[in-house]
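What follows is each chain in one-letter form.
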Amino acid sequence: MKQESYELFKSSSIQKIKEVLAQELKLRNEKEFWGDKVVPFSEAILSVLIPLRDAGKLFDPEGVSVDALTPELFLKWSDFVSLKALAFKIQKSDEEIDLKLLGDYLGRFNVNLEDESLDFPISSYNLHQGVSNVIKSLL
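Since the model is a prediction, treat every value here as computed from it, not as a measurement.

### A few points about helix H5 (residues 80–92)
In an α-helix, one full turn covers 3.6 residues, which means residues spaced three or four apart are oriented alike.
Thought 1: End to end, H5 covers 19 Å across 13 residues, agreeing with the expected 18 Å (1.5 Å per residue, within 8%).
Thought 2: Check the buried side of H5 and you find it contacts helix H3 (32–55), helix H4 (71–77), helix H6 (100–108) and helix H7 (122–138).
Thought 3: Taking the backbone nitrogen of Val81 as reference, a side-chain oxygen 3.1 Å away marks Asp79 as the first, capping residue of H5.

Set out below in structure tokens:
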């Protein structure tokens, strides 16, 4: 990971991180297909992680408290199964985090946000594995 990525996740806004990812996509000449997926996916994840970071309440997918938002933590949450679990965990908590952006994003990929036990299509998981790999290459 680039040192700039650590600084970016440590204190930047969602907008700034989105801009950097979009710029990196352009610099690497990634196909438009990935560009249309990477930024909205990142924004959905960050819409929860940034408020947790700013409140000092970050944790990893295993529930362990962490001190800082890092590219590695971001990538752990970019696993589609973990991201679904994050949505349900925040929904059940007393955290005042707006889940609309994340919920809208997950809903577009047939994630049932009413019943945690229901699976989503494997094609959604596979697509997001590819998106995560592209994001990792950018950071």
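That was the structure; now back to the text.
### Quick word on the nonpolar core
Thought 1: Phe41, Leu49, Leu69, Phe74, Phe80, Leu86 and Ile135 are the most contacted members of the largest nonpolar core, which totals 40 residues.
Thought 2: If one sorts the elements of this core by residue count, H3 sits on top with 10 residues.
Thought 3: If sequence neighbours within four positions are ignored, Leu49 has contacts with Leu58, Leu69, Phe74, Trp77 and Leu86.

### Considerations on the confidence of the model for the chain
Thought 1: Across the chain, pLDDT averages 90, with 100% of residues at or above 70.
Thought 2: When pLDDT is averaged over each element of the chain, H4 comes out on top at 95 and H7 at the bottom at 87.

### A short note on the environment of Ser93
Thought 1: Within the secondary structure, Ser93 is located in the loop between H5 and H6.
Thought 2: Among the polar contacts made by the side chain of Ser93, one reaches the main-chain carbonyl oxygen of Ile90 at a distance of 2.9 Å.
Thought 3: A distance of 3.1 Å separates a polar atom in the side chain of Ser93 from the backbone nitrogen of Glu95.

Conventions used here
- Residues numbered from 1 in each chain as written.
- Predicted model: local features only at pLDDT ≥ 70, side-chain atom pairs only at ≥ 80, totals over all residues.
- Heavy atoms only, no water.
- Helix = DSSP H or I, 4+ residues; strand = E, 2+ residues; numbered from the N terminus.
- Expected span 1.5 Å × (residues − 1).
- Contact = heavy atoms within 4.5 Å.
- Polar contact = N/O pair within 3.5 Å; in protein donor to acceptor, adjacent residues only side chain to side chain.
- Core = buried A, V, L, I, M, F, W, Y, C linked by side-chain atoms within 4.5 Å.
- Buried < 20%, exposed > 50% of the residue type's maximum accessible area, 1.4 Å probe, protein only.
- pLDDT = per-residue confidence, 0-100.

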